[in-house]
Amino acid sequence: MIAEILFVLAGHSSSIFSSDHTINPAFRPLLHPGEEQCLQAVGRIAARYRSIKKSCLTLTRSQSRYICALCATLNQILKDGYEGLVVETEAKLLRRDPELVARGSFVPLTAILAVFSGWESPFIALESLMEQLESQDEWKPGPLIDMLMARSKTGTSRIAEIFFRLSTAVQRTWRTQLAALLVHGSLTTTDPLASEDYVLLQGSTPACVSTQTRESIMYVGRAISTVKRKKWAYQIPREQAFQHAQLLDTVLPEDKYKFDSVIGQIRTNISEWLWLHVLTRKDVEEAVVSLANYFLLRNGEFCLALIRDIEKLKISRLTTRTGVPSMIKEQDLNLALLRASLSTTAQHDPSLLKLKFKLPSGPIRPLLPSFSMAGSKSLLSSVNDNSNEAASFDDLLLGTPLLLTYDTTWPLDLFLHPSDLQVYSALFGYLSSIRKTQTRIHGCWTSLSNAQRARRRWTGLGEGGTAEDLMVRQQLLRFGWGVVRDMGWFLDNLLEYVMVDVVDLEFRRLKDLITKPTRERSESVGREGAATHDSNVAPPSQTRLDFTTLRKVHATYLERLVAGCLLSHPSLTAVVRCVLEICERFVAQVERWGGDVLPALLFEGSLAAGGHDRVGALVRERFQVVSEIDKSLHELFESFYQQLTLMTSYQPFTAAGDASRSVLINASIGNVSTLQRTFARGKGLDGEGEVRRHVEQLLLRLDFNGRFSKPTKLGTMGL
């Protein structure tokens, strides 16, 4: 009977058990209740083992290499552990080992059960695994590895060890596929990790692989495949490919930080090689110039033409006839880009075709600025309540979020990452909003001037009206002119600071760094000349600008732009946005009033109607609106100056920042920290403290007559 039990434990059928672990009724009268219970427990272990082997045999026929690797490893584990234990137990019985054979002739069933009871829990877990694997027709490597790693995190050591070995086997198979992609740039026809355009398929990577590492895998695979497909004279060196294969053999994706480090090192090495042989300095220079011209508004005539075309597009959609579509689509905005380039220097620029507008919220109906009376109060409260939240400017140009994108093709995407383009898009929204508002204010000034000249043809040197109304009308007119003058003065100073002291200066510096590399900038390459004691140092023309240094220089350039444009200071950007919205509201009011602050002399309510009214109701209403806007505007000016002064009063730290994080998540950054970090980064670009000096110059421009540093108490003008 003992031999029959061992035969059952080895996976064979027996007449002792009628089905699975149910004892044959014919044997039950011959067994003690304790023996019957032990025999049933042994039968359950044997039944689970047979079920696992049967499922494993079925899954081995799967076309998935990962399932086959898992089954092969599981068979090896059962062979080394469980099946070896059956053979070892049989050998002990034949030797009459005292651990199993009592008094040399009696073998208790409890002893047999004690030997194999340690496999009961692993078999339950493995049987559950087989059922889960058979429940799906196809298993991607990512979810499969995630599931095995999750199952290995258990308190039972034998179960954890088994699932760890299974997970390691599947990860090694996945790593082989990854090595083919990263070393040779090849994809298999069965279970590929990426599509034909080298975009990782859904479920092809486990969750422990970070997003940045996934981007690096796509980057390296696409680069190596393209180099081989183009059959260029220069190919990836065989020694470098062998080195990358050795690096991959040392890590598994479960070791997240080491795996990310190895993939990052491979990407850096490939980038350096591509920078030397594929991505030329001319390509980088053209991309930097085109990005500066269109995203940073260095092409002024194109920028103004684009703003005017977008305004015309909004008006044309608002005044369209019934039945004609009045929605603004992305195609309309892209056509506006082409129309704006006509008769400008951008007309024959091929990089203009890479620019595209995107509407995240889809096609919209055009909106005009609001001139509600509660606008200024809500703006002022938003500055105080949301001083640490990021202020977005991408909705001021069109009235809804509008993003300008740049199409980066290979090999330019080796240099420009998606995070860099997001920073450029945020800078475009900020600069275009200021430029558009400034243009609107200038148009308002022109409208007021034309209205005054037309009025003076009939009123002479005065503003018309009766003796009681004359003084009030003059006061309202001067008050309106003062508001427009203050708005124009602030926007002119802010735009001059941003475009001259920040954008132009940083662009010229970056272009010089790319076109004329110097020895000081090649720190990451190594100081070969410093290592030797030669009397002659390598001239600048012999020093190459490696790709890592180029990326760092460009990242620092974006960081200094973000900090110099004050986008890294949430409270300042909130104030600037409020100023722009108040300016838009005032211009909208003037347009609603017919292009003039003063009502026409023959309008109802423009003059006093007699009785106790000293001023016309229309004049009083307009005076109230203008005075409210003027009060809110000057409060925002003072808040802006105070925040700017506070920002420059701190000493810089030595930490380095990240421009993309400054723009995308600056709500979680302190008010002063990013700008301080950028001041410190100036050392690497021979401009230590230059951003601070530029901000101080802006403070001097705003306070040229001591208006903010020595405030004067002006009485509120009234009627």
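Residues numbered from 1 in each chain as written. Predicted model: local features only at pLDDT ≥ 70, side-chain atom pairs only at ≥ 80, totals over all residues. Heavy atoms only, no water.

Quick word on the overall build of the protein chain
And then number 1: Looking only at helices and strands, the protein chain has 23 helices and four strands in total.
And then number 2: For the protein chain, with 719 residues in total, the buried portion stands at 51%. (Helix = DSSP H or I, 4+ residues; strand = E, 2+ residues; numbered from the N terminus. Buried < 20%, exposed > 50% of the residue type's maximum accessible area, 1.4 Å probe, protein only.)

What to know about the pattern of salt bridges
And then number 1: Here the structure, examined in full by the defined rule, presents 17 salt bridges.
And then number 2: The salt bridge involving glutamate 127 is made with arginine 48; its shortest N-O contact spans 3.4 Å. Of this pair, glutamate 127 sits in helix H5 (residues 120-134) while arginine 48 sits in helix H2 (residues 33-60), and the two are 79 residues apart along the sequence.
And then number 3: Aspartate 504 serves as the salt-bridge partner of arginine 298, at 3.0 Å between the closest nitrogen and oxygen. Note that arginine 298 is positioned in the loop between helix H11 (281-294) and helix H12 (300-318) and aspartate 504 in helix H16 (residues 467-515), a separation of 206 residues in sequence.
And then number 4: Given the relative accessible area of 30%, arginine 298 is considered partly exposed.
And then number 5: Among the charged side chains, a network of salt bridges with common partners joins Glu311, Lys314, Lys436, Arg440, Glu584 and Glu591. (Salt bridge = Lys/Arg side-chain N within 4 Å of Asp/Glu carboxyl O.)

Things to note about the state of the cysteines
And then number 1: The final tally for this structure, using the stated rule, is zero disulfides.
And then number 2: Of the cysteine sulfurs around cysteine 71, a residue in no disulfide, the closest is that of cysteine 56, at 3.9 Å.
And then number 3: Overall, the relative accessible area of 1% leaves cysteine 71 in the buried class. (Disulfide = S-S within 2.5 Å.)

Some details on the packing of aromatic side chains
And then number 1: Taken as a whole, this structure holds 18 aromatic pairs when the rule is applied.
And then number 2: Each ring, one from tyrosine 82 and one from tryptophan 119, has its centre 5.9 Å from the other, and the planes form 75°; the classification is edge-to-face. A residue pair is termed long-range when its members are at least 10 positions apart, and tyrosine 82 in helix H3 (residues 65-94) and tryptophan 119 in the loop between helix H4 (109-116) and H5 qualify at 37 residues. Tryptophan 119 carries the same exposure label as tyrosine 82, and that label is buried.
And then number 3: Residues tryptophan 174 and phenylalanine 259 carry aromatic rings whose centres are separated by 6.1 Å and whose planes lie at 45° to one another, so their mutual orientation is tilted. Taken together, the residues span a long stretch of sequence, with tryptophan 174 in helix H7 (residues 157-184) and phenylalanine 259 in helix H10 (residues 256-277) at a distance of 85 residues. Neither residue differs from the other here; tryptophan 174 and phenylalanine 259 are each classed as buried.
And then number 4: Through a chain of ring-to-ring contacts, three or more aromatic side chains come together here, namely Tyr49, Tyr82, Phe116, Trp119 and Phe123. (Phe/Tyr/Trp six-rings, centres within 6.5 Å; stacked < 30°, edge-to-face > 60°.)

Quick notes on the side chain of serine 351
And then number 1: In this structure, serine 351 sits in the loop between helix H13 (330-341) and strand S3 (355-358).
And then number 2: Excluding its chain neighbours within four sequence positions, the residues that come into contact with serine 351 are Ser290, Tyr294 and Tyr406. (Contact = heavy atoms within 4.5 Å.)

Here's the deal with the pairing of S3
And then number 1: Here S3 shows a buried face lined by Leu355 and Phe357 and an unburied face lined by Lys356 and Lys358.
And then number 2: Here S3 pairs with strand S4 (residues 403-406) via four bridges, running antiparallel. In the sheet register, phenylalanine 357 faces S4, and the bridge partner there is leucine 404. (Pairing = 2+ DSSP bridges.)

With respect to the packing of helix H19 (residues 570-592) against helix H20 (residues 617-648)
And then number 1: Relative to each other, H19 and H20 sit at 160°, their axes nearing to 10 Å. Of the possible angle classes, the one that applies to H19 and H20 is roughly antiparallel. At the point where H19 passes H20, the crossing takes the left-handed sense.
And then number 2: For the contact of H19 with H20, a count of residues per class yields 16 nonpolar, five polar and two charged. (Axes fitted to C-alpha atoms, helices over the stretch in contact; angles between N-to-C directions. Parallel < 35°, antiparallel > 145°, perpendicular 65-115°, else oblique. Left-handed = near helix turned anticlockwise from the far one by under 90°. Nonpolar A, V, L, I, M, F, W, Y, C, P; charged D, E, K, R; others polar.)

Focus on the confidence of the model for the protein chain
And then number 1: Scored by pLDDT, the protein chain comes out at a mean of 78, with 78% of its residues at no less than 70.
And then number 2: Between residues 373-377, whose pLDDT stays under 50, and residues either more than four places distant or in other chains, the model counts six contacts.
And then number 3: Throughout residues 651-688 the model reports pLDDT below 50, and contacts reaching past four residues in sequence, or to other chains, amount to 84 contacts. (pLDDT = per-residue confidence, 0-100.)

Some remarks on the packing of helix H9 (residues 238-249) against H10
And then number 1: Packing of H9 against H10 brings their axes to within 10 Å, and their N-to-C directions diverge by 170°. Taken together, the axes of H9 and H10 are roughly antiparallel relative to one another. Mapping the contact onto sequence places Gln240, His244, Leu247 and Leu248 in H9 and Val262, Ile263, Gln265, Ile266, Asn269, Ile270 and Trp273 in H10.
And then number 2: Of the residues belonging to the contact of H9 with H10, the class tally is seven nonpolar, four polar and no charged.

Section: unusual backbone geometry
And then number 1: Phi is positive for serine 343, which is not a glycine, with a value near 65°.
And then number 2: Secondary-structure assignment places serine 343 in the loop between H13 and S3.
And then number 3: Classification of serine 343 as exposed rests on a relative accessible area of 71%.
And then number 4: For leucine 566, which is not a glycine, the phi torsion comes out positive at approximately 70°.
And then number 5: Locating leucine 566 in the fold gives a position in the loop between helix H18 (547-564) and H19.
And then number 6: For leucine 566, a relative accessible area of 2% translates into the label buried.

With respect to a nonpolar patch on the surface
And then number 1: A cluster of nonpolar side chains, namely Leu335, Leu338 and Leu353, defines an oily patch on the protein surface of about 300 Å² accessible area.
And then number 2: Summarising the element assignment, leucine 335 is placed in helix H13.
And then number 3: Assessed through its relative accessible area of 45%, leucine 335 is described here as partly exposed. (Patch = residues over 30% accessible without salt bridge, like charges linked within 9 Å, V, L, I, M, F, W, Y side chains within 5 Å. Areas by Shrake-Rupley, 256 points an atom, 1.4 Å probe, with all protein chains shown as cover.)

Some points on the environment of valine 220
And then number 1: Tracing the backbone through its elements, the reader meets valine 220 in helix H8 (residues 211-230).
And then number 2: C-alpha of valine 220 to C-alpha of isoleucine 263: the two residues are 43 residues apart in sequence and 9.2 Å apart in space.

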